[in-house]
Amino acid sequence: MIRFLLSLVLLAGLTGAASAHERSRSNSAWTETETGLTGRIYLDARQATLFLSLSDEGTTLESAYQQRMVDGLRVARGDMACTLEAPPSVRLRADGRLEGQANWICDAQGQIEIGVQVFSPLSANHVHFIRLESAGGVQERILSRGQTTASFGEDGPAGPAGWTGFLILGFEHILGGPDHVAFVLGLMLIVSGWRRLALVTLGFTLGHSVTLALAVLGWVSPPGAAVESLIGFSILFIAAEAALSKSAEFRRMGWGGGAVLLALASISVFAGGLLTWPVWLGLIVLTVFYFHWLGQGGRMEFAAPMLSGGFGLVHGVGFAGILLEIDISGDRLLPSLISFNAGVELGQLAIVAAVLSGLAILRLFTPERVLFWGRSAVIAGLAGVGTFWFVGRAFGA
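One numbering rule holds for all chains: residues counted from 1, following each sequence as written. pLDDT decides what is reported in this predicted model: residues at 70 or higher carry local features, side-chain atom pairs at 80 or more are listed and counted, and totals for whole chains, interfaces and linings draw on all residues regardless. Calculation of side-chain values draws on the structure's entire complement of heavy atoms; hydrogens and water are dropped beforehand.

Looking at the overall build of the chain
Then, number 1: Helix and strand content of the chain: twelve helices and eleven strands.
Then, number 2: For the chain, with 397 residues in total, the buried portion stands at 48%.
Then, number 3: Whether two residues are in contact is decided by their heavy atoms: any pair within 4.5 Å suffices. Pairs at least 24 residues apart make up 74% of the contacts formed inside the chain by residues separated by at least 6 positions.
Then, number 4: When the accessible surface of the chain is split by element, carbon and sulfur atoms take 64% of a total near 18700 Å². Here a helix means four or more residues in a row that DSSP labels H or I, a strand means two or more in a row labelled E, and each is numbered from the N terminus. A simple rule labels every residue: compare its accessible area, found with a 1.4 Å probe on the protein chains alone, to the largest value its type can have, and call it buried under 20%, exposed over 50%, or partly exposed in between. Note that accessible areas follow from Shrake-Rupley with a 1.4 Å probe, and for residues the cover is restricted to the protein chains shown.

Let's talk about unusual backbone geometry
Then, number 1: The phi dihedral of aspartate 79 falls on the positive side, at around 65°, and the residue is not glycine.
Then, number 2: Checked against the element boundaries, aspartate 79 lands in the loop between strand E3 (73-77) and strand E4 (80-81).

Notes on a nonpolar patch on the surface
Then, number 1: Patch definition: residues above 30% relative accessible area lacking any salt bridge, with like charges linked at up to 9 Å and the nonpolar side chains Val, Leu, Ile, Met, Phe, Trp and Tyr linked at up to 5 Å. Each reported salt bridge corresponds to a side-chain nitrogen of Lys or Arg within 4 Å of a carboxyl oxygen of Asp or Glu. Taken together, the side chains of Leu359, Ile361, Leu362, Leu364 and Phe365 make up a nonpolar region of the molecular surface, amounting to roughly 530 Å² of accessible area.
Then, number 2: As for its position among the elements, isoleucine 361 is in helix H11 (residues 330-365).

Notes on the packing of aromatic side chains
Then, number 1: Here a Phe, Tyr or Trp ring, Trp counted by its six-membered ring, pairs with any other such ring whose centre lies within 6.5 Å, and the pair is stacked when the planes are under 30 degrees apart, edge-to-face when over 60, and tilted otherwise. Enumeration over the complete set of coordinates arrives at 16 aromatic pairs.
Then, number 2: With 5.7 Å between their ring centres and 45° between their planes, phenylalanine 233 and phenylalanine 237 make a pair best called tilted. In this pair, phenylalanine 233 and phenylalanine 237 are both assigned in helix H7 (residues 224-243), four residues apart and thus about one turn of the helix distant. For the pair phenylalanine 233 and phenylalanine 237, one class covers both residues: buried.
Then, number 3: Ring centres of tyrosine 290 and tryptophan 293 lie 6.0 Å apart, and the angle between their planes is 35°; this geometry places the pair in the tilted category.

A closer look at the packing of helix H8 (residues 247-271) against helix H9 (residues 277-295)
Then, number 1: In this analysis an axis means a line fitted to C-alpha atoms, helices contributing only their contacting stretch, and an angle means the value between N-to-C directions, from 0 to 180 degrees. Where H8 meets H9, the closest approach of the two axes is 7 Å, and the angle between their N-to-C directions is 170°. One finds that H8 runs roughly antiparallel with respect to H9.
Then, number 2: Under this grouping Gly is polar, as are all residues other than the nonpolar Ala, Val, Leu, Ile, Met, Phe, Trp, Tyr, Cys and Pro and the charged Asp, Glu, Lys and Arg. Class assignment of the residues belonging to the contact of H8 with H9 gives a composition of 15 nonpolar, nine polar and one charged. Angular relationships are summarised with four words: roughly parallel below 35 degrees, roughly antiparallel beyond 145, roughly perpendicular across 65 to 115, and oblique for the angles in between.

A short note on the packing of helix H5 (residues 178-190) against helix H12 (residues 368-394)
Then, number 1: The N-to-C vectors of H5 and H12 enclose an angle of 135°; their axes lie 11 Å apart at closest approach. The orientation of H5 relative to H12 falls into the category oblique. The hand of the H5/H12 crossing is left-handed. Where H5 abuts H12, its residues Pro178, Asp179, Ala182, Leu185, Gly186 and Leu189 lie against Arg375, Val378, Ile379, Leu382, Trp389 and Arg393.
Then, number 2: Of the residues in the contact of H5 with H12, the class split is eight nonpolar, one polar and three charged. Here a crossing is taken to be left-handed if its near helix is turned anticlockwise relative to the far helix by less than a right angle, and right-handed if that turn runs clockwise.

As for the pattern of salt bridges
Pairing of side chains with opposite charge becomes possible as their charged atoms draw close.
Then, number 1: For the structure on display, the rule yields nine salt bridges.
Then, number 2: Glutamate 99 is the salt-bridge partner of arginine 91, the closest N and O atoms lying 2.9 Å from each other.
Then, number 3: One salt bridge in this structure joins glutamate 140 and arginine 131, with 2.9 Å as the shortest N-O distance. Each member of the pair, glutamate 140 as well as arginine 131, is classed as buried.
Then, number 4: By sharing partners, the salt bridges in this structure join Arg40, Arg91, Arg93 and Glu99 into a single network.

Brief notes about the pairing of strand E1 (residues 25-32)
Then, number 1: Note: E1 against strand E9 (residues 127-134), seven bridges, orientation parallel. Note on E9: the bridge partner recorded for serine 28 is isoleucine 130.
Then, number 2: Pairs of strands are assigned from DSSP output, requiring at least two bridges between the strands. Counting the residues between successive antiparallel strands, the hairpin from E1 to strand E2 (residues 36-44) contains three residues.

Concerning the environment of alanine 239
Then, number 1: With respect to the element layout, alanine 239 can be found in helix H7.
Then, number 2: Here alanine 239 falls in the buried class, since its relative accessible area comes to 2%.
Then, number 3: In sequence terms alanine 239 and isoleucine 379 are 140 residues apart; their C-alpha atoms lie 5.5 Å from each other.

Let's talk about the sheet that holds strand E11 (residues 149-152)
The pairing of strands in a sheet happens through backbone hydrogen bonds and is either parallel or antiparallel.
Then, number 1: Strand order in the open sheet formed by four strands is E4-E3-E8-E11, with antiparallel pairing between adjacent strands. Edge positions in the sheet fall to E4 and E11, since each has one partner strand and no second.
Then, number 2: Bridge analysis of E3 against E4 gives two bridges, and the strand direction is antiparallel. Among the inter-strand pairings, alanine 76 is bridged to a residue of E4, identified as alanine 81.
Then, number 3: Docked against the sheet, helix H3 (residues 61-72) engages E3 and strand E8 (112-116), running at close to 40° with respect to E3.

What follows is the structure in structure tokens.
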């Protein structure tokens, strides 16, 4: 119990770091015209608030985004730079995204090059999906901070470097998402042994694969912000489980955690939180009954695969976010989905392999007491960021 309470001490220091490493993504749709190109660039308005730090006081969000488009977009054709016809127009959409539109005049013909650095210089893990419709058909590319320019030829590939583009995107997506990495790390803290670790990892894989597919296919569409909050809860839940070892501690956590969740649910009614009452009720029931079951002698290693699978259902919807924004055409939807999910699995395996390798090396020359406190510090850190993500996102922070 003492180890778990350390998380409260670390929470204040961790919140800044947690918010600073949120994944960010954007997408754009470009159309070839008689005189050049028309581009529409979409970005979540919450992410765009970072632009205000680069602007003069009193600048509106739309004006700041407009200036970033002017500074961060470069269009060329046939080795000649295209000219921006007029300042971009910007509007806030009903879905909470900013849409910027602009036209470029191109005097040459040939290969099209589009450079997008609207947001990537401000975020190390930003991903931008770009789609071009031209006389040669539809072409798509994936850009990141290390690759900010897309080239489009008349007979270029239709997809973002084929299936490998989505494989790499899935791999980078889980590694660039600290909440998913934190959850996988938490799973490794509640089980021991290769067989049990494999079962827990398999449970998480099955869970997020199901909802990833359902969300991308449009069969489920829960609110994104609420899903992100539940991902934070999953990290906090696993951290609490890893921190406790005695029956009395588990029972106290069940009743105490349930009481805290009930208080947060009550506040949510008046503060306009993003989670509905049925969701709060489900979290309360899960917390009270699961920790009470552990307190009665339940073996967490037996329940861990089902627990990881259940939370995997939540994480799968989070994984789907970037594919939903891309708006992949029907004939490439299934291959892209399979490739992306395979990339996520490879990233998950990379996390597990890196942690196990690091622990094996540390055990060679690190005293057991130091390893014990190191484990306690990791649990405290997971509890801290999990609490921040859960509560902050539940109330729209």
